[in-house]
Amino acid sequence: MAGPTLFPEGGFRRLRIDLAYDGSQFYGWAAQPDQRTLQDMIEAAISKICQSPVTSVVAGRTDAGVHATGQVIHVDLLDLIFASSQSEALTYSDLRFRLNRILDEDVRILDISDAPEGFHARFSALRRFYSYKILDSNRVVTPLARYDTVSWYRELDPESLNQASAQLLGHHDFAAFCKFKEGGTTIRTLEKYQWQRGADGLLIADVVADAFCYSMVRNLVGAVVSVADGRKDSSWLAELLANKERVSDSLVFPAKGLTLYRVEYPSNSQLIERAKVTIGKRSPEL
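What comes next is a walk through the structure. (Residues numbered from 1 in each chain as written. Predicted model: local features only at pLDDT ≥ 70, side-chain atom pairs only at ≥ 80, totals over all residues. Heavy atoms only, no water.)

Thoughts on the state of the cysteines
Across all of its chains, the model carries 1 disulfide by this definition. In this model, Cys178 is linked to Cys213 through a disulfide, with the two sulfur atoms separated by 1.8 Å. Taken together, the positions of Cys178 in the loop between strand S7 (170–173) and strand S8 (187–197) and Cys213 in the loop between strand S9 (203–209) and helix H4 (216–228) put the pair 35 residues apart, joining distant regions of the chain. An identical accessibility class is assigned to Cys178 and Cys213; each is buried. (Disulfide = S-S within 2.5 Å. Helix = DSSP H or I, 4+ residues; strand = E, 2+ residues; numbered from the N terminus. Buried < 20%, exposed > 50% of the residue type's maximum accessible area, 1.4 Å probe, protein only.)

A closer look at the pattern of salt bridges
Following the criterion strictly, the structure yields 16 salt bridges and no others. One salt bridge in this structure joins Asp173 and Lys244, with 3.3 Å as the shortest N-O distance. Within this pair, whereas Asp173 is found in strand S7, its partner Lys244 is found in the loop between helix H5 (235–243) and strand S10 (258–264), the two being separated by 71 residues in sequence. For Asp173, a relative accessible area of 22% corresponds to the partly exposed category. Residues Arg231 and Asp229 are paired through a salt bridge, measuring 3.0 Å at the closest nitrogen-oxygen approach. Residues joined in a network through salt bridges with shared partners are Arg127, Glu191, Arg262 and Glu264. (Salt bridge = Lys/Arg side-chain N within 4 Å of Asp/Glu carboxyl O.)

Let's talk about the side chain of His120
Along the polypeptide, His120 turns up in the loop between strand S4 (107–114) and strand S5 (127–135). Within the structure, His120 has its side chain in polar contact with the backbone nitrogen of Phe123 (distance 3.0 Å). (Polar contact = N/O pair within 3.5 Å; in protein donor to acceptor, adjacent residues only side chain to side chain.)

What to know about the pairing of S5
In terms of burial, S5 is largely enclosed, as 7 of its 9 residues are buried. Pairing between S5 and S10: 6 bridges, direction antiparallel. Residue pairing in the sheet places Ser131 in a bridge with Thr259 of S10. Where S5 lies against S9, 7 bridges are found, and the strand directions are antiparallel. (Pairing = 2+ DSSP bridges.)

Topic: the nonpolar core
Counting 81 residues, the largest nonpolar core has Ile134, Phe177 and Tyr193 as its most contacted members. Each residue touching Phe177, except ones within four places of it in the same chain, is listed here: Leu168, Tyr214, Ser215, Met216, Asn219, Leu220, Ala223, Leu240, Leu241, Arg246 and Val247. (Core = buried A, V, L, I, M, F, W, Y, C linked by side-chain atoms within 4.5 Å. Contact = heavy atoms within 4.5 Å.)

Quick look at the environment of Pro254
You can see Pro254 is positioned in the loop between H5 and S10. With 33 residues separating them in the primary sequence, Pro254 and Val221 have C-alpha atoms 9.6 Å apart. Beyond its immediate sequence surroundings of up to four residues, Pro254 is in contact with Tyr132, Val150 and Arg218.

Next up, the structure:
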């Protein structure tokens with residue numbers, strides 16, 4: 001079939017697929033030659049079952065090493081694939097089971113359902129939710145936690161982290177916190193950036209925005225930690241935003257501490273309108 005369309009064509013049905021993955025051994029979501037990527041693996045598995053080339057659309061293109069517990073994609077599949085023949089019709093439960101048997105164990109399909117009319121995994125999304133985990137004071141990260149937790153040698157105070165994070169909230173050009181991408185925009189609305197210390201001692205950041213650009217969350221974490229541990233003055237964050245001067249790569253935190261845990265969509269009646277808004281170019285006045 002051809003590449004993905006905004007809405008499915010006649011004879012196709014759009015499926016919403018919810019999935020989770022350990023990104024440790026993946027070179028990010030997007031397909032890349034000679035690299036192990038999530039898009040390549042998942043599309044190959046679906047194509048094998050459906051015996052037809054499949055193209056997916058993802059809600060958030062996670063970078064290399066980033067995990068997900070609440071990723072969302074959509075695919076447009078031929079209705080004929082699910083039609084009954086000499087054998088029983090293929091159900092979504094069957095498809096999920098068969099996909100999980102094909103996929104490596106660091107990727108799991110959680111749910112498959114009919115996408116509502118007007119649904120687009122990327123353009124219909126209202127906001128993405130990420131968490132970032134840090135174990136500070138040079139405490140020992142346990143073997144299982146090493147996959148999604150970053151160790152930091154200095155002690156960090158949640159209140160200081162939150163004071164710094166609050167300066168970045170709102171609608172801004174986050175060019176200082178994003179790696180440049182030709183033709184892309186770095187204007188985003190950061191709705192939440194809040195830290196708390198869990199009962200296990202972990203520092204967990206909850207980061208929510210309408211969308212994120214390449215490496216944005218890891219840059220945000222590195223910048224705020226630099227202020228909270230005293231290496232940078234608090235005014236430095238405002239200067240970064242105003243001057244759009246890229247955060248040094250030496251301050252960017254590792255990918256493994258980052259997990260996409262939720263993608264939020266509007267009510268079904270607002271899906272098409274939301275997609276139109278997203279497709280329109282963002283501007284500082286939005």
